[in-house]
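A closer look at the structure
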Amino acid sequence: MTPSAEETAGATVLPTRDAERALAYVAADGAFALYNDYRAKASVLERDPRIPPTEEPALTWRGGAAAGAHRPLGPTPVVEGYGVFTFPYGPVSMGVPEAGKFAVRTYGERVLSLEPLGGFKSRGIGTSVVGQPVEDAALRIERMAGNFSASHVAAFLAAADSALGREVPEVELWTRGLAQELQRVYNHLHVIARVAEAASQNVGLAQTHALAEEILRVQGAVFGHRWLFGALLPNGPARRLDAPDRSRTSRELDRLSDEFEALWELFLESRTFVDRIQATGSIDRAEAIRWGAVGPTLRACGVDWDDRLRVPAHPYTDLFVALPRETGGDALARVAVRAAEIRASFLLLEQILDRWPRSATKTVAPAAPVGPGRGIGRVEAPSGDLVYDVRVAEDRVAALGFRSPSQANWPLFAHGMQGAVFTDFHFAFESFGLVFAETDG
Amino acid sequence: MDAAGIVLSAAVAGLFAGAPMSLLHRRAGYATATVASGLLFAVAIVALVAGPVQGLGWSGPLGDPESLRLDGLSAFFALAASTVWIATSFYSLAYDDRPSPLLAICYSLTLGSIALLVSSSSLVLFLVGWETMTLASYGMILQAHGRSGRVFSASFVFLAFGEASTLLVFVAVAGLRVMTGTFAEVPAAAGSLATVVFVAGLIGFGLKMGVAPFHMSEWLPIAHSSAPSNASAVLSSTLTLAGAYGLFRLLSLLPSPPLWWGAVMLGIGAVSVLLGALFATVSEHTKGLPAYSTIENNGLILVALGIALIARTDGLPGLYVFALFAAFYQALAHAVAKTALFLSAGYLEHAAGTFDLNSLGGRTRGSDRTAYLGTLAATLSLAATPPLAGFVSEWMVLEALFQSYRFHPEWVQFEGLLSGAAVALAAGLILVAMVKFMGFSLLWRPRATAADPRAPGLGAPIAAAGAAIVGVGVAAPWILKFLTPTVAAFAGAPVVAPVGGLLSVPDGWSIVSGSPFGIISPPVIPIALAAGALVAVGYYALGRRRGARRVAPWMAGSVPGLERETYTSFGYSTGIRIMMGSLLQTREVRAQVGSVTRAELATPVSYNVDLEVLDVFKVFYDGLIRFGEGVASVLKTGVMPGRLGRYLAYILIVTLVVVIYVASAA
Amino acid sequence: MSVVPSWVGQSIARGILTTRYPREPATDAEVPATGRPPVPVGGPATLAAAVRSCPVGAISEAAIDQGICIRCARCRTHGLEFAGSVESATRSRGDLVEPSARRDGTPPPLASLKRSLHVFLIDVGSCNACNLEVLALANPFYDSQRLGIFFTNSPRHADVLLVVGVPTDAMVEPLRRAYEALPEPKAVVAVGACPIGGGVFAGGPGLKGSLAELVPVDVFVPGCPPTPVNVLDGLLTLTGRDRRPGGT
Ligand code: SF4
Ligand code: SF4
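The rules behind each value
Residues numbered from 1 in each chain as written. Chains lettered and ligands numbered in written order. Predicted model: local features only at pLDDT ≥ 70, side-chain atom pairs only at ≥ 80, totals over all residues. Heavy atoms only, no water. Helix = DSSP H or I, 4+ residues; strand = E, 2+ residues; numbered from the N terminus. Buried < 20%, exposed > 50% of the residue type's maximum accessible area, 1.4 Å probe, protein only. Contact = heavy atoms within 4.5 Å. Areas by Shrake-Rupley, 256 points an atom, 1.4 Å probe, with all protein chains shown as cover. Near = heavy atom within 4 Å. Nonpolar A, V, L, I, M, F, W, Y, C, P; charged D, E, K, R; others polar. pLDDT = per-residue confidence, 0-100. Pairing = 2+ DSSP bridges. Axes fitted to C-alpha atoms, helices over the stretch in contact; angles between N-to-C directions. Phe/Tyr/Trp six-rings, centres within 6.5 Å; stacked < 30°, edge-to-face > 60°. Lys NZ or Arg CZ within 6 Å of the ring centre and 35° of its normal. Buried area = accessible area lost by both parts, 1.4 Å probe. Salt bridge = Lys/Arg side-chain N within 4 Å of Asp/Glu carboxyl O. Polar contact = N/O pair within 3.5 Å; in protein donor to acceptor, adjacent residues only side chain to side chain. Parallel < 35°, antiparallel > 145°, perpendicular 65-115°, else oblique. Left-handed = near helix turned anticlockwise from the far one by under 90°. Core = buried A, V, L, I, M, F, W, Y, C linked by side-chain atoms within 4.5 Å. Domains from an automatic or database assignment. Patch = residues over 30% accessible without salt bridge, like charges linked within 9 Å, V, L, I, M, F, W, Y side chains within 5 Å. Lys, Arg positive; Asp, Glu negative; His and termini not counted. Charge placed at Lys NZ, Arg CZ, Asp CG, Glu CD.

**Looking at the overall build of chain B**
On a plain count of helices and strands, chain B comes out with 24 helices and seven strands. The proportion of buried residues among the 666 residues of chain B is 57%. Across chain B, the fraction of contacts at a sequence separation of at least 24, relative to all contacts at a separation of at least 6, is 78%. Accessible area of chain B: about 25,400 Å², with a carbon and sulfur share of 69%.

Here is the structure:
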């Protein structure tokens with residue numbers, strides 16, 4: 001699709017034939033980060049409006065920073081009218097098993113606007129790590145969001161490595177890759193299980209849930225911890241991953257991969273499952289770009305963007321990374337992208353275990369710092385682009401900023417829910433893979 | 001003329017006399033009306049027990065004998081109406097605080113004219129009562145607070161419908177005169193004119209009853225002009241009762257109806273039931289909602305009458321009589337329940353200063369126990385909850401409908417089936433409507449700070465009406481027996497009340513539909529309920545239970561009951577608005593209030609959203625009115641400068657006289 | 001489309017997955033190393049050497065406070081191993097430091113609900129891992145329903161409040177409301193290092209020190225996060241349901 005008149009108004013259209021890049025430039029006066037190129041990392045902060053350019057790494061963009069509950073997580077239209085009232089949902093509900101709230105404006109039945117409200121689980125991680133040694137800070141960073149621990153700690157360490165100019169052992173980077181891909185599989189399975197639960201697909205739910213549990217067990221066997229806490233730090237247990245371990249893990253993952261294929265077939269055959277998520281929580285491509293979507297949410301709108309390809313780092317520079325994409329923009333498209341990414345991640349895991357670095361001592365130079373003692377780490381977390389901006393002084397964290405995929409995607413969810421009916425909530429919510437923990441920090 | 005006859009004459013005269021009394025003081029007028037209503041009530045009981053009462057008689061302007069008299073049919077309607085009037089007149093003593101006596105005058109005239117038309121023995125007198133009633137009730141509507149353009153246009157519609165009704169009733173009367181050769185109320189022999197009389201009468205009386213497709217005549221003046229509450233109660237409970245009386249009387253004068261009469265009534269009734277229930281459910285007006293419910297209830301009367309006529313033609317005497325009883329009971333149950341509901345709306349208006357359920361939102365909760373109990377009984381009854389009046393009547397109508405499988409030919413059977421579905425669906429909808437009315441007015445926790453209830457003296461009549469509702473429900477078998485003369489008068493033959501006994505329930509304590517079909521026992525239900533309650537209380541008292549712990553409702557961890565975060569009454573029924581979208585023509589109107597800037601991320605847009613429903617019939621009538629107004633303004637400015645209303649009345653009277661002359665000559 | 005048969009076939013093909021715990025000890029696959037508390041393997045002397053290695057100060061010269069241990073494994077290079085019992089839940093905070101007092105003779109808090117226990121999960125500031133571990137109890141591997149343990153959607157229907165996360169200021173009030181809403185008899189289980197003593201976030205801005213400051217806690221389940229088997233052990237501790245001792 002082509003950008004609408006509204007989008008092109010007042011924008012500088014650069015002479016390029018790359019449609020993707022052109023669309024990105026269209027938004028150059030205030031919207032999106034597509035044009036952030038890994039060759040120009042230094043400019044990430046200046047050009048991504050969601051992380052305002054600051055002299056220092058700072059927690060200024062939605063989350064992490066201001067304490068206090070009921071913090072709006074996205075711009076929501078103000079809706080008034082006869083009989084319109086606010087339907088509060090949360091902060092404690094089993095539908096969303098996390099502490100967070102939604103203020104739904106409605107005249108009954110239909111969602112006129114939905115405002116996600118965060119800050120209920122602000123643990124002040126962003127501020128309390130300042131002054132701590134990088135190793136200790138990492139213990140908190142990985143608990144930013146337990147189910148995205150590998151991505152958070154990988155991004156944080158990449159930023160810290162860059163800031164410190166630390167030569168990183170190759171095997172450490174591959175361990176990060178292994179952990180991230182395993183966790184991606186887990187999280188995507190988790191999303192599918194939650195959507196299946198919302199659609200009352202109980203057998204599918206049980207099977208997917210079981211598969212996710214098996215991934216946790218693989219993580220436990222490989223890293224000694226089901227959630228990979230401590231595993232990616234220098235001195236983590238992953239260092240002991242030897243050849244027999246790897247081939248055992250590889251065989252196990254092969255089996256799980258086959259089981260997933262069979263399971264997904266069954267899901268696609270299930271009318272109720274597909275019907276229920278089709279056309280639910282829809283956002284179109286232009287909206288996704290304007291509001292700054294990331295991850296599967298963005299890729300489900302037909303935009304090719306994946307940090308593993310656009311901002312590649314070890315080990316992804318050496319691997320084949322498939323880039324699934326859908327164009328529907330609805331919950332079905334997002335779930336389909338996730339399913340395809342599970343397949344892609346199994347492929348990546350196979351490559352990682354197969355081509356595991358032989359040398360234990362070989363090191364890789366970190367990315368160039370973006371300022372004195374300041375580095376940027378950027379990885380593709382299961383729910384999308386995750387950025388850490390860290391300044392380090394005397395081996396301690398001096399300042400920290402981060403932008404998690406959930407922070408980026410909340411406005412999209414809120415937008416996609418407008419006009420929906422109450423019962424769509426869970427399908428839409430789960431398909432975005434949003435996490436309050438990494439929003440509040 | 002015996003003693004009862006004197007009382008009857010005094011009652012009718014007394015009701016009219018309320019008008020001059022109001023000139024002294026409006027309270028004097030209402031007091032007179034209360035007393036006269038009491039007299040009418042007493043004489044109606046006498047008429048039902050001891051047979052017809054003959055009152056004052058004289059020779060009419062056209063030479064026919066005219067008199068006041070109560071036969072079974074008249075007595076029943078006089079009883080139902082006077083029950084209502086005792087409550088409304090007493091209520092008006094405290095309610096009407098206007099400086100002008102106009103409302104009280106029109107009120108007394110309305111009551112008097114209804115009493116006159118019900119107790120008249122001649123069709124001419126009936127017609128006089130009918131027209132006086134239309135004009136006087138028009139006068140009541142004009143007394144709405146805050147006269148606006150809306151008041152006038154709504155009351156104009158009322159008057160237009162009223163005069164159309166008079167004309168059609170007149171045609172029916174003229175037809176009867178031709179058929180029988182007299183204005184006395186005697187049954188006509190079958191004839192070619194019967195169809196004209198029936199159609200004119202059905203439409204003429206249907207207009208007053210507010211059944212579809214004339215239902216604007218019911219809700220428009222009440223809801224849109226926000227007519228005074230005592231007026232609304234009289235309009236909705238007894239004006240429609242007068243319409244029903246007219247229809248009953250007409251049918252009693254036209255023996256051996258063809259099958260299609262019943263089928264048409266059944267069809268109109270079923271559509272009215274469904275439309276009334278549907279619009280009641282989505283109404284947010286404390287008077288609009290009861291007004292729509294009236295449409296539903298009058299529809300039920302038509303359904304029962306339709307079944308009765310069909311059963312009679314089909315040779316099903318048992319069902320015929322049962323459906324007749326159902327029709328009468330429906331009229332009675334509705335009159336008392338609706339009175340309580342409108343009086344309650346007036347109470348709410350006094351207590352919270354609004355007719356809007358949405359902004360009322362429980363603010364009047366706990367303000368007055370008597371009003372609370374009366375309204376509870378009324379809403380439960382209209383939602384057909386056992387053992388109240390509405391439950392008994394709705395059960396009877398449904399039981400009659402269930403037996404439509406006996407009809408011939410098949411298409412009538414099929415119509416019965418569809419009507420049954422419509423009535424059942426309406427019963428579900430009206431439950432939502434009544435829960436909404438009760439919940440958002442007096443039951444649920446307030447959305448805003450509680451109102452200061454300053455409406456003394458309004459609660460008692462509501463509670464009294466509530467007691468009547470309970471009585472009419474629980475004592476149903478005996479009341480049915482009591483109604484036997486009425487039904488007999490209608491059927492023109494002796495009948496037996498549909499009561500009996502089953503198992504250990506004593507004979508005469510149960511209502512039986514058909515032989516055998518369904519059976520219920522309204523008096524046993526409260527006994528069973530009371531026994532159950534006793535067991536629970538006993539268990540609680542005997543058991544070693546510690547005191548109950550009261551905790552706030554669980555609302556996902558949020559603070560319950562913030563004003564902005566509480567369900568609105570509008571939200572409560574939006575499900576219906578969306579589900580029934582094709583019938584209600586529901587559409588969302590969204591207007592952007594704020595402006596969009598380039599910095600979308602920082603400035604949210606502001607919307608105003610309204611979900612609107614549409615009555616397609618209203619669109620039609622609106623067009624008609626606009627056309628009429630266009631013509632009228634041309635007449636007014638171009639042809640005859642002066643007051644439009646006067647000319648209309650003038651034209652009407654001229655027409656009336658001419659037609660009467662022609663008819664009597666024929 | 002033969003949807004139903006294929007789901008059935010898939011389920012049968014996978015066979016029985018459910019753990020035999022608590023009838024038999026939990027396996028290593030069910031509980032990886034970090035599902036067990038760290039204990040000194042070289043005698044008490046190793047404790048003194050390990051004190052400085054612990055990032056949360058769980059180790060003192062005399063004992064290890066299992067309540068705040070986040071299972072970071074740093075002390076492993078100083079002679080400690082994750083070799084404690086899987087059944088690490090206790091009924092008092094003190095027992096997490098002095099394990100000798102575990103499982104005394106007093107009846108368990110909800111002994112009367114041995115056969116059917118309804119559980120409400122409340123997150124008061126977690127990292128999400130604890131939530132997911134608790135919810136994993138519903139998957140076919142743990143199938144908590146076979147033990148009569150059910151998750152409810154409202155505290156009004158629950159016997160137990162399962163609390164995860166470190167209490168943030170914003171969640172104090174919702175927590176209190178949920179606790180109020182529980183019918184009697186009721187109990188509270190603190191799941192993970194966070195509610196027990198703040199975990200890795202202890203001392204952070206806007207955080208309460210521990211759950212026990214806010215509501216009475218009946219059972220403490222240490223770990224960061226505790227594995228599903230650990231949580232199951234905690235719930236069984238609450239009802240006192242019989243079980244074989246887990247693998248030590
Ligand atoms: S595992 Fe980590 S937190 Fe636990 S005692 Fe050892 S060093 Fe301390
Ligand atoms: S105890 Fe550990 S795993 Fe559980 S919520 Fe706290 S940090 Fe997360």
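That was the structure; now back to the text.
**Overview of the site of ligand 2**
What surrounds ligand 2 is a group of 13 residues, the closest being C:Cys127, C:Cys130, C:Ala193, C:Cys194 and C:Cys224. Flanking ligand 2 are residues from chains A and C. Those elements that provide at least two residues to the shell around ligand 2 are α3 (129-135) and α5 (193-197) of chain C. Along the lines of polarity and charge, the residues of the shell around ligand 2 split into nine nonpolar, three polar and one charged.

**A closer look at the confidence of the model for chain A**
Residues shown with low pLDDT carry predicted positions that ought not to be read at fine detail. Model confidence for chain A is summarised by a mean pLDDT of 82, while 83% of its residues fall at 70 or above. pLDDT under 50 marks residues 1-53 of chain A. Its contacts with residues more than four places away, or in other chains, come to 86 contacts.

**So, the sheet that holds strand β2 (residues 78-80) of chain A**
The strand order β2(A)-β7(B)-β6(B) describes an open sheet built from three strands, whose pairing is mixed. If you trace the sheet from one side to the other, it starts and ends with β2 of chain A together with β6 (587-592) of chain B, each paired once. Averaged over all neighbouring strand pairs, the angle between strand axes comes to 25 degrees, with direction disregarded. With three bridges joining them, β2(A) and strand β7 (residues 606-612) of chain B adopt parallel strand pairing. Bridging from a neighbouring strand, A:Glu80 pairs with B:Asn608 of β7(B).

**Section: the packing of aromatic side chains**
All names here are of chain B. Within this structure, the stated rule accounts for 47 aromatic pairs over all chains. Taken together, a centroid distance of 5.2 Å and an interplanar angle of 70 degrees make the contact between Tyr 30 and Tyr 107 edge-to-face. On the criterion of sequence distance, the pair formed by Tyr 30 in helix α2 (residues 26-50) and Tyr 107 in helix α4 (residues 102-119) is long-range, its members being 77 residues apart. Taken individually, Tyr 30 and Tyr 107 each receive the classification buried, so the pair is uniform in this respect. In this structure an aromatic cluster arises from ring pairing among Phe 76, Phe 77, Phe 126, Trp 130, Phe 205, Tyr 245, Phe 248, Phe 328 and Phe 490. The ring of Phe 570 has Arg 577 lying over it, and the distance from NZ or CZ to the ring centre is 3.8 Å.

**A closer look at the sheet that holds strand β3 (residues 499-502) of chain B**
Residue and element names in this part refer to chain B. Taking strand neighbours across the sheet as the criterion, the three strands line up as β3-β4-β5 in an open arrangement whose pairing is antiparallel. Both outer strands of the open sheet, β3 and β5 (518-520), are each paired with one neighbouring strand and no more. Recorded for the sheet is a direction-independent mean angle of 55 degrees between the axes of neighbouring strands.

**Considerations on the interface of chain B and chain A**
On the side of chain A, 33 residues touch chain B, which itself brings 32 residues to the contact. For the chain B and chain A pair, buried surface summed over both sides reaches about 2,800 Å², with 54% attributable to carbon and sulfur atoms. The interface formed by chain B and chain A holds one salt bridge in total. Where chain B meets chain A, there are nine residue pairs in polar contact (both at pLDDT 80 or more).

**Some points on the packing of helix α12 (residues 317-352) of chain B against helix α15 (residues 389-402) of chain B**
All names here are of chain B. One way to put it is that α12 packs onto α15 with a least axis distance of 8 Å and a crossing angle of 150 degrees. It follows from the interaxial angle that α12 and α15 lie roughly antiparallel. The two elements α12 and α15 cross, and the hand of that crossing is left-handed. From α12, Leu 319, Phe 322, Ala 323, Phe 325, Ala 326, Tyr 329, Gln 330 and Ala 333 reach across to α15, where they touch Ala 389, Gly 390, Val 392, Ser 393, Glu 394, Trp 395, Met 396, Val 397, Glu 399 and Ala 400. A class-by-class count of the residues in the contact of α12 with α15 yields 13 nonpolar, three polar and two charged.

**Regarding the site of ligand 1**
With respect to spatial proximity, the complete set of residues near ligand 1 consists of C:Cys54, C:Pro55, C:Val56, C:Ile59, C:Cys69, C:Ile70, C:Arg71, C:Cys72, C:Ala73, C:Cys75 and C:Phe82. In terms of residue class, the shell around ligand 1 is built from 10 nonpolar, no polar and one charged.

**Some words on the packing of helix α9 (residues 229-253) of chain B against α12(B)**
All names here are of chain B. One can describe the packing of α9 onto α12 by two numbers: an axis separation of 7 Å at closest approach and a directional angle of 165 degrees. Classified by the angle between their axes, α9 and α12 sit roughly antiparallel to one another. Seen from above, α9 lies across α12 with right-handed handedness. Across the interface between the two elements, Ser 229, Ser 232, Ala 233, Ser 236, Ser 237, Thr 240, Leu 241 and Phe 248 from α9 touch Ala 327, Phe 328, Ala 331, His 334, Ala 335, Lys 338, Thr 339, Phe 342, Leu 343, Ala 345, Gly 346 and Glu 349 from α12. When its residues are assigned to classes, the contact of α9 with α12 shows 10 nonpolar, eight polar and two charged.

**Thoughts on the nonpolar core**
Here is a general trend for soluble globular proteins: nonpolar side chains tend to be buried in one another's company. Residue and element names in this part refer to chain B. In this structure, Phe 77, Trp 85, Phe 248, Leu 305 and Met 396 are the most contacted members of the largest nonpolar core, which totals 192 residues. Counting residues domain by domain, this core receives three or more from each of domain 1 (275-287 + 311-546) and domain 2 (568-591 + 603-614). The residues contacting Met 396, other than those within four sequence positions of it, are Phe 322, Phe 325, Ala 326, Tyr 329, Leu 480 and Ile 511.

**Things to note about a negative patch on the surface**
Residue and element names in this part refer to chain A. A surface patch of like charges, here negative, comprises Asp 254, Asp 258, Glu 350 and Asp 354. Note that Asp 354 resides in helix α14 (residues 331-354). Take Asp 354: its relative accessible area is 61%, and that puts it in the exposed class.

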